[in-house]
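Examining the three-dimensional arrangement
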Amino acid sequence: MFDNLKDKLGSFRKDAEEAAEENVEEVDEDELEDAEIEESAKPEAEQSEAEAADTTPEPADDEVAETVAASTADPNAELESEPGATADAATQAAASTGQEPASDAAPDFGEESAEPETESDEATVDEPDETDESDESDQPEDADESGGTGFGAKAKSLVKGKFVIEEEDLEGPLHELEMALLSSDVEMGVTEEILDNIRNELIGETRTFTTSTGEVVEEALRDAIYDVISVGQFDFDERIAIEDKPVTIIFTGVNGVGKTTSIAKLSRYFEERGYSTVMANGDTYRAGANEQIQEHADALDTKCISHEQGGDPAAVLYDAVEYAEANDVDIVLGDTAGRLHTDEGLMDQLEKIDRVVGPDMTLFVDEAVAGQDAVNRAREFDEAAEIDGAILTKADADSNGGAAISVAHVTGKPILFLGVGQGYDDLERFDPDEMVDRLLAEE
């Protein structure tokens, strides 16, 4: 499913990774350590400042002063006399020699804590916690360098670095991606949205990273696609559960795209979740329509309401709702005649159904393999008779995926289901996260 689009997205990812790779710079170890400490220890630093403000003037600090004073006794007298040394540094020195603290020396807390001399002094005199953090962060860095993941000489996959991607760096890959999306039947506006999202995620920012550039690019691509395919998503099962029963769902779309089969699949879907259903044939003009939906109803052991050919579709659907109310049936699934949005007579029928029946949900059905045509029809149907969501049939046969990428964005209404075969169980809930995983999965 969507194999062509998967290949094209994979190609862009590789090209963008290479562009990012060319701009990777290793960061000086001190700079990395300072940046890491600054980020990870912000809350700790704020807390330490607050504690220092609370405890410095308090006489209760005598015990701490005595301990630190002891640590500054010989053999560490140097630390006592050095203007740049702090009480914390003396504490570390005493701990490292294993000596017991003495009791006859006292440090000058106020001068040292109030006036750090220079930036370089701060870097050389670390708090104990910060020193531990620094030591811990060094270990995986060394391990990763020796691991030889082979992503690139400069990027050193899983080793810290930084990079900036300028627009010209991605000009070629983005152009190739644009052509690839359009050739996969992704709608022009959707293509532009994806490209803009990628630019916003990747271009012009200095990024310090602890993973490979490839992961940064993949995350940007994932977010860009997710933003356009997740538009309007809602919890279909929850909505069915909270609606007053019976819930009436009307299916519409052009001829021959699988509306009646989708009704049968949804009947199975609901029955498996404990709901009872009744089908209704509002496709009253097509020869053989009654027989087709009745066959599905018989196979699923479900009631089907139909009238003579040529009858009023609104009357058929109204009777189905009445039957559901009288027999405590949970869900009414109503078929309608295939139509184009330009067919004024048939579009008027939909308006009458809306007035007479007041459906809880109207679903647009089209073939995923129709690509750009399906996208255009979804937009036109939504404008002519507002839809609540879409079902794309034959998704298993669609190598391009343009409709699956585009329909939600152009209508503002979600894709709810994908038809992936002819069996009654061959219906998948459309999940944007799973779709992105599928499109970006590596073979």
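First things first, this report covers the structure right here in the doc. Source: prediction; values computed, not measured.

1. Regarding the sheet that holds strand S4 (residues 247-252)
Spatially, S6-S5-S7-S4-S8-S9-S10-S11 is the arrangement adopted by the 8 strands of the open sheet, whose pairing is mixed. With one partner strand each, in any of the chains shown, strand S6 (303-305) and strand S11 (427-429) form the two edges of the open sheet. Within this sheet the neighbouring strands show an average axis-to-axis angle of 25°, counted without direction. Sheet analysis places strand S5 (residues 277-282) next to S6, joined by 3 bridges and oriented parallel. Paired with Val278 across the bridge in S6 is Lys303. Helix H14 (residues 259-272) contacts S4, S5, strand S7 (331-336), strand S8 (361-367), strand S9 (389-393), strand S10 (415-419) and S11 of the sheet and is inclined by roughly 170° relative to S7. Sitting on the sheet, helix H18 (residues 372-384) is in contact with S4 and S8, with an inclination near 160° to S8.

2. Thoughts on the packing of helix H10 (residues 167-183) against helix H11 (residues 188-202)
Where H10 contacts H11, the two axes come as close as 10 Å, and the packing angle between them is 155°. Put simply, H10 runs roughly antiparallel to H11. Of the two elements, H10 crosses H11, and the hand of that crossing is right-handed. For the pair H10 and H11, contact is made by Glu167, Leu170, Leu174, Leu177, Glu178, Leu181 and Leu182 and by Met188, Thr191, Ile194, Leu195, Ile198, Arg199 and Leu202, respectively.

3. Notes on the packing of helix H16 (residues 313-326) against helix H17 (residues 344-357)
Two elements in contact, H16 and H17, have axes separated by 9 Å at closest approach and are oriented at 30°. On the basis of their axis angle, the class for H16 and H17 is roughly parallel. Between H16 and H17 lies a crossing whose hand is right-handed. When H16 is examined against H17, the residues Pro313, Ala314, Leu317, Tyr318 and Val321 are found in contact with a partner set consisting of Gln349, Lys352, Ile353, Val356 and Val357. Class assignment for the residues of the contact of H16 with H17 results in 8 nonpolar, 1 polar and 1 charged.

4. Comments concerning the pairing of S10
Across the 5 residues of S10, 5 count as buried, placing the element largely inside the fold. Handedness of the crossover joining S9 and S10 through helix H19 (residues 402-411): right-handed. For S10 and S11, the ladder comprises 3 bridges, and the chain directions are antiparallel. Residue Leu418 lies in a different strand from S11, and its bridge partner there is Glu428.

5. Overview of the nonpolar core
Membership of the largest hydrophobic core comes to 92 residues, with the highest contact counts inside it found for Ile249, Phe270 and Ile405. Per-element tally for this core: the top contributor is helix H12 (residues 213-229), with 8 residues. Filtering out sequence-adjacent residues up to four positions away, Ile249 remains in contact with Phe236, Ile240, Phe270, Ile331, Val332, Leu333, Gly334, Met361 and Leu363.

6. Thoughts on H19
Most of H19 sits inside the fold, with 9 of its 10 residues counted as buried. Inspection of H19 places Gly402, Ala403, Ala404, Ile405, Ser406, Val407, Ala408, Val410 and Thr411 among the buried residues, and these make up the whole buried set. Phi for Gly412, located one or two positions after H19, is positive at around 75°.

7. Here's the deal with a negative patch on the surface
Judged by side-chain charge, Glu193, Glu201, Glu215, Glu219 and Asp227 come together as a negatively charged surface patch. For the negative patch, the elements supplying multiple residues, two or more each, are H11 and H12. Checked against the element boundaries, Glu219 lands in helix H12.

8. Concerning the pairing of S5
Along S5, 6 of the 6 residues are buried, which leaves the element largely enclosed by surrounding structure. Side chains Thr277, Met279 and Asn281 of S5 all project onto a buried face; the interleaved residues Val278, Ala280 and Gly282 project onto the opposite face, where all are buried too. Looking at chain direction, S5 and S7 are connected through 6 bridges and run parallel. If you follow Gly282 over to S7, its bridge partner there is Thr336. After leaving S5, the chain enters helix H15 (residues 289-300) and then returns to the sheet as S6, a path that is right-handed.

9. Looking at the packing of aromatic side chains
Under the definition given, this model contains 7 aromatic pairs. With centroids separated by 5.8 Å and ring planes inclined at 80°, the aromatic side chains of Tyr269 and Phe270 adopt a geometry described as edge-to-face. Note on Phe270: relative accessible area 1%, which makes it buried. Their ring planes at 45° and their centres at 5.3 Å tell us that Phe364 and Phe381 sit as a pair that is tilted. One end of the pair, Phe364, is in strand S8; the other, Phe381, is in helix H18, and 17 residues separate them in sequence. With respect to class, Phe364 is no different from Phe381; both count as buried.

Thresholds applied
- Residues numbered from 1 in each chain as written.
- Predicted model: local features only at pLDDT ≥ 70, side-chain atom pairs only at ≥ 80, totals over all residues.
- Heavy atoms only, no water.
- Pairing = 2+ DSSP bridges.
- Helix = DSSP H or I, 4+ residues; strand = E, 2+ residues; numbered from the N terminus.
- Axes fitted to C-alpha atoms, helices over the stretch in contact; angles between N-to-C directions.
- Contact = heavy atoms within 4.5 Å.
- Parallel < 35°, antiparallel > 145°, perpendicular 65-115°, else oblique.
- Left-handed = near helix turned anticlockwise from the far one by under 90°.
- Nonpolar A, V, L, I, M, F, W, Y, C, P; charged D, E, K, R; others polar.
- Buried < 20%, exposed > 50% of the residue type's maximum accessible area, 1.4 Å probe, protein only.
- Right-handed = clockwise from strand over helix to strand, strands pointing away.
- Core = buried A, V, L, I, M, F, W, Y, C linked by side-chain atoms within 4.5 Å.
- Patch = residues over 30% accessible without salt bridge, like charges linked within 9 Å, V, L, I, M, F, W, Y side chains within 5 Å.
- Areas by Shrake-Rupley, 256 points an atom, 1.4 Å probe, with all protein chains shown as cover.
- Salt bridge = Lys/Arg side-chain N within 4 Å of Asp/Glu carboxyl O.
- Lys, Arg positive; Asp, Glu negative; His and termini not counted.
- Charge placed at Lys NZ, Arg CZ, Asp CG, Glu CD.
- Phe/Tyr/Trp six-rings, centres within 6.5 Å; stacked < 30°, edge-to-face > 60°.

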